[in-house]
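These are the residues of each chain, in order.
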Amino acid sequence: MLRIAAPAVGSRPGRMALGFLAGMVVSATAVYAQQPAAPAQQAQAVSNARLFNNDAGMVLNFIKPDKTADFEAVMAKLKEALEKSEKPERKQQAAGWKVFKSADPAGANDLYVFVIDPSVKGADYQVSNIIAEAFPTEANELLKKYAEAYAQGMNILNLSLLQNLGK
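Cut-off values and rules
Residues numbered from 1 in each chain as written. Predicted model: local features only at pLDDT ≥ 70, side-chain atom pairs only at ≥ 80, totals over all residues. Heavy atoms only, no water. Salt bridge = Lys/Arg side-chain N within 4 Å of Asp/Glu carboxyl O. Helix = DSSP H or I, 4+ residues; strand = E, 2+ residues; numbered from the N terminus. Buried < 20%, exposed > 50% of the residue type's maximum accessible area, 1.4 Å probe, protein only. Axes fitted to C-alpha atoms, helices over the stretch in contact; angles between N-to-C directions. Parallel < 35°, antiparallel > 145°, perpendicular 65-115°, else oblique. Left-handed = near helix turned anticlockwise from the far one by under 90°. Contact = heavy atoms within 4.5 Å. Nonpolar A, V, L, I, M, F, W, Y, C, P; charged D, E, K, R; others polar.

Please give an account of the pattern of salt bridges that cites residues and values.
With the rule as written, the count across this model stands at seven salt bridges. Notably, a salt bridge pairs Lys 144 with Glu 148, separated by 2.8 Å at the nearest N-O pair. Taken together, the residues Lys 144 and Glu 148, both in helix 5 (residues 139–149) and four residues apart, mark about one turn of the helix. Lys 144 gets classed as partly exposed once you look at its relative accessible area, which sits at 46%. Note on Glu 148: relative accessible area 34%, which makes it partly exposed.

Printed below as a string of structure tokens:
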């Protein structure tokens, strides 16, 4: 008989493992929630608005190493969408939204970080909604690439300024 040694759930290591597993499920759910149920629905706004109503925001994106080119192509289209939009808040979003690629891997994945500072309060930062708004005919293909690039989801942080050390 094969036995696998695992910590009991009531023990501290067991609670830590259970907490880690729950966190992974929540992270995976964030990416799944961005994936539309049917291709015909993809060109529409595909998910709820993502708001950063505090001073700033940050999103940690865990991307499959073999899908970084797809992710970066969608980021280029996101930039184009923000620039070409007639909505003034989109121009404001573009001014404070930076996309970084970490030189340090996140486990087996690549880490891309959205830094949003300052945030435009009330503006929708949901990438899928911005892409669908700007490129309705290309949205299906772009959003499929975007969703398939994710390895384990994203972590979203709304940030309130505690102290500006430069002032």
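This is not the end of the story, as more comes after the structure.
Can you explain the packing of helix 2 (residues 68–84) against helix 4 (residues 127–134)? Please cite residues and give values.
Helix 4 packs onto helix 2 with a crossing angle of 60° between their chain directions and a minimal axis gap of 9 Å. With respect to helix 4, the element helix 2 is oriented oblique. Between helix 2 and helix 4 lies a crossing of left-handed hand. Side by side, helix 2 and helix 4 meet where Val 74, Met 75, Lys 77, Leu 78, Ala 81, Leu 82 and Lys 84 of the first sit next to Val 127, Ile 130, Ile 131 and Ala 134 of the second. Classifying every residue of the contact of helix 2 with helix 4 gives nine nonpolar, no polar and two charged.

A description of the environment of Asp 124 should follow, citing residues and the corresponding values.
Along the chain, Asp 124 falls in the loop between strand 3 (110–116) and helix 4. For Asp 124, a relative accessible area of 16% corresponds to the buried category. Residues Asp 124 and Phe 52, spaced 72 residues apart in sequence, show a C-alpha to C-alpha distance of 8.1 Å. Other than its neighbours up to four places away in sequence, Asp 124 contacts Ala 49, Arg 50, Leu 51, Arg 90, Gln 93, Asn 129 and Ile 130.

Please give an account of the environment of Gly 153 that cites residues and values.
Relative to the helices and strands, Gly 153 resides in strand 4 (residues 150–159). Residue classification places Gly 153 among the buried positions, given a relative accessible area of 1%. Expressed as a C-alpha distance, the spacing of Gly 153 and Asn 61, which sit 92 residues apart in the sequence, is 6.5 Å.

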